[in-house]
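# Summary of structural features
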Amino acid sequence: MELRLNSFFANNYQPIIVVDRQCEIIEFNDAAISWTRSVHGRELRTGESVLGYLAPEDVDEFTGGLSDVLDGGKERHRFFSVTPGAGGDYWFQYHLYPLEKGDRIGYAQLVVADISERKNAIDEMARNARRFQSIISNSMDIVCVIEKNGAISFISDFVEQVLGYKPFELLGTILANLVFHEDRERIEARLRNAAESREQVFDVQFRLKHKEEFWVFVEAMITNLLYDESVRGIVLNMRDVTERKHVESMLLKISRQNELILESAGEGIYGINTSGLITFANPAAARMLGFRVEDMIGRNHSDFLELFAPDEKPEEWSGSESAPREEERQMAASARFMLKRTNDTWFPAECVATPIREKGGIVGAVVTFKDVSDSVRAEEDLRRSRDEA
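Residues numbered from 1 in each chain as written. Predicted model: local features only at pLDDT ≥ 70, side-chain atom pairs only at ≥ 80, totals over all residues. Heavy atoms only, no water.

## A short note on the overall build of the protein chain
- Counting its regular elements, the protein chain contains 12 helices and 16 strands.
- Within the protein chain, buried positions represent 35% of all 389 residues.
- In the protein chain, the proportion of contacts linking residues at least 24 apart, taken out of those at least 6 apart, comes to 38%.
- In the form shown here, the protein chain has an accessible surface area of approximately 23,700 Å², with 49% of it arising from carbon and sulfur atoms. (Helix = DSSP H or I, 4+ residues; strand = E, 2+ residues; numbered from the N terminus. Buried < 20%, exposed > 50% of the residue type's maximum accessible area, 1.4 Å probe, protein only. Contact = heavy atoms within 4.5 Å. Areas by Shrake-Rupley, 256 points an atom, 1.4 Å probe, with all protein chains shown as cover.)

As structure tokens, then:
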């Protein structure tokens, strides 16, 4: 019997093959010819079995489905198949529809849909999802997504390491309820700002409550992805900085202690770099020289330091007559100098210069000095007394 194909059949972009009960090919359209050429590398012919174009494991599925649609048991039969081809594996979705012959169903129409690209896209999405999940799971940051009302809709597994909660325990929780009360208003303001901005990323530090009732310092980057259909939330990447904050607090305390020591010391103390420029000074040094502390910073200390007074002999103020040994020079150099006040008067001082070392090299020195005017006068009086005797 000759079967006439209508225009829709002939011009359909999907491969369509008409088969009889014996699985022989009766008719096919141009798309079916292209399909067999590209996938199977051969020409499609009438009279041959369609089973030769199916994977062996799909033969039983096809013949069973063919019987169902020809005998009126089903209006359509669908199955999927992976077919090895010249360009690799192809994924197909097959549809069998009954086709009337006269007053009864005598043929079946096999419609082939190539879903390889869709399958590959789904696989790639799955791989990306697994890759993203792996990155999130192994990240040292807490990744948190909150809804516009502040409720947590997602939080990564690392939250258990930092805050002690399992992720599911925090879902639906208002993030602000976990924030330290002194930080809460500031964080809520940052979240509102983030919700109103698509491009700006906000950095903020705050404290979060641990499950065991202590506070953890975190540093967070806040990004608005409410407009992103795949996220629909504000994303916070949070890192535990508790240890760093403790170190900073300790360094600040040490710095303050050192500052108090410098301020309370009776001796003059100042630091210089390798160019001789003063980098810090204590109040005693400024007071003895007639400066304000801030006026000393950046000056070259040679401006007010001389080995001897202009009208005195060098040997009277030189300190030890012998040069210091190398090991003494490496530790600290001590000598008597004349220091010049801002009113152009001079006073004798005993100075100790200690090098500042960093990475094996000298980067400056700390100079400590004290006014020895009384000692010098006493020595002079004693010398005169001996001379007179």
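## Focus on the nonpolar core
- Counting 28 residues, the largest nonpolar core has Ile146, Phe206, Leu208, Ile222, Leu236 and Met238 as its most contacted members.
- Non-local contacts of Ile146, meaning those with residues more than four positions away in its chain, are made with Ala151, Ile152, Ser153, Leu175, Leu191, Gly233, Ile234 and Leu236.
- With 25 residues, the next largest nonpolar core counts Ile25, Leu70, Tyr90 and Leu110 among its residues. (Core = buried A, V, L, I, M, F, W, Y, C linked by side-chain atoms within 4.5 Å.)

## Some remarks on the side chain of His210
- Locating His210 in the fold gives a position in the loop between strand S8 (202–209) and strand S9 (215–225).
- At a separation of 2.9 Å, a polar atom in the side chain of His210 contacts the main-chain amide nitrogen of Glu212.
- Sequence-distant contacts of His210, that is, excluding residues within four places in its chain, are made with Val162, Leu163, Gly164, Tyr165 and Val216. (Polar contact = N/O pair within 3.5 Å; in protein donor to acceptor, adjacent residues only side chain to side chain.)

## Let's talk about the pattern of salt bridges
- All chains considered together, the criterion is met by 18 salt bridges.
- A salt bridge links Arg207 to Asp183; the shortest N-O distance between them is 3.0 Å. Pair noted here: Arg207 is in strand S8 and Asp183 is in helix H7 (residues 181–195), with a separation of 24 residues, a long-range link. Each of the two residues, Arg207 as well as Asp183, counts as buried.
- The partner of Arg244 in a salt bridge is Glu219, with the nearest N and O atoms 2.9 Å apart. Here Glu219 lies in strand S9 and Arg244 lies in helix H8 (residues 242–264), a separation of 25 residues in the sequence.
- Its relative accessible area of 36% is what places Arg244 among the partly exposed residues.
- According to the relative accessible area criterion, Glu219 is partly exposed, its value standing at 31%.
- In the salt-bridge network here, residues are joined through shared partners; they are Glu182, Asp183, Arg186 and Arg207. (Salt bridge = Lys/Arg side-chain N within 4 Å of Asp/Glu carboxyl O.)

## Looking at a nonpolar patch on the surface
- Taken together, the side chains of Val247, Met250, Leu251 and Ile254 define a hydrophobic patch exposed on the protein surface, amounting to about 370 Å² of accessible area.
- Residue Val247 is classed as partly exposed on the basis of its relative accessible area, which comes to 41%. (Patch = residues over 30% accessible without salt bridge, like charges linked within 9 Å, V, L, I, M, F, W, Y side chains within 5 Å.)

## Considerations on the packing of aromatic side chains
- Tallied over the full model, the rule gives eight aromatic pairs.
- Seen from their ring centres, Phe180 and Trp215 are 4.8 Å apart, and the 75° between their planes marks the pair as edge-to-face. Note that Phe180 is positioned in the loop between helix H6 (167–170) and H7 and Trp215 in strand S9, a separation of 35 residues in sequence.
- Trp215 sits in the partly exposed class, given a relative accessible area of 34%.
- Following the ring pairs from residue to residue traces out a cluster consisting of Trp35, Phe62, Phe79, Phe92 and Tyr94.
- One cation-aromatic arrangement involves Arg42 over Tyr53; the distance from NZ or CZ to the ring centre is 4.1 Å. (Phe/Tyr/Trp six-rings, centres within 6.5 Å; stacked < 30°, edge-to-face > 60°. Lys NZ or Arg CZ within 6 Å of the ring centre and 35° of its normal.)

## Here's the deal with the sheet that holds S8
- If you trace the five strands from one edge of the open sheet to the other, you get S7-S6-S10-S9-S8, paired in antiparallel fashion. If you trace the sheet from one side to the other, it starts and ends with strand S7 (152–155) and S8, each paired once. Strand-to-strand twist in this sheet, taken as the mean axis angle between neighbours without regard to direction, amounts to 30°.
- Bridge analysis of S8 against S9 gives eight bridges, and the strand direction is antiparallel. When the sheet's bridge partners are listed, Phe206 is paired in S9 with Val218. (Pairing = 2+ DSSP bridges. Axes fitted to C-alpha atoms, helices over the stretch in contact; angles between N-to-C directions.)

## Looking at the environment of Ala195
- Mapping Ala195 onto the fold places it in helix H7.
- Apart from the residues within four sequence positions on either side, Ala195 is in contact with Asn224, Leu226 and Ile234.

## Examining the confidence of the model for the protein chain
- For the protein chain, per-residue confidence averages 81 on the pLDDT scale, and residues scoring 70 or more make up 84% of the total.
- Looking over the protein chain, one finds the lowest element-wise mean pLDDT in helix H11 (residues 326–331), namely 40, and the highest in H6, namely 93.
- Per-residue pLDDT stays below 50 along residues 1–5; that stretch engages in seven contacts with residues further than four places along the chain or on separate chains.
- In this model residues 309–332 is a low-confidence stretch, pLDDT under 50, and it forms 23 contacts with partners more than four residues away in sequence or in other chains. (pLDDT = per-residue confidence, 0-100.)

## A word on the pairing of strand S1 (residues 16–19)
- Where burial is concerned, the two faces of S1 agree: the one with Ile16 and Val18 and the one with Ile17 and Val19 are both buried.
- In this sheet, strand S5 (residues 104–114) lies alongside S1 in antiparallel orientation, the contact comprising four bridges. Across the sheet, residue Val19 finds its bridge partner in S5, namely Ala108.
- Here three bridges tie S1 to strand S2 (residues 25–28), and the two strands are oriented antiparallel to one another. The residue of S2 that forms the bridge with Ile17 is Phe28.

## Notes on the environment of Ala220
- Within the secondary structure, Ala220 is located in strand S9.
- A sequence separation of 17 residues divides Ala220 from Asp203, and the C-alpha atoms of the two residues are 5.7 Å apart.
- Residue contacts for Ala220: discarding those within four places in its chain leaves Phe202, Asp203, Val204, Phe206, Asn237 and Met238.

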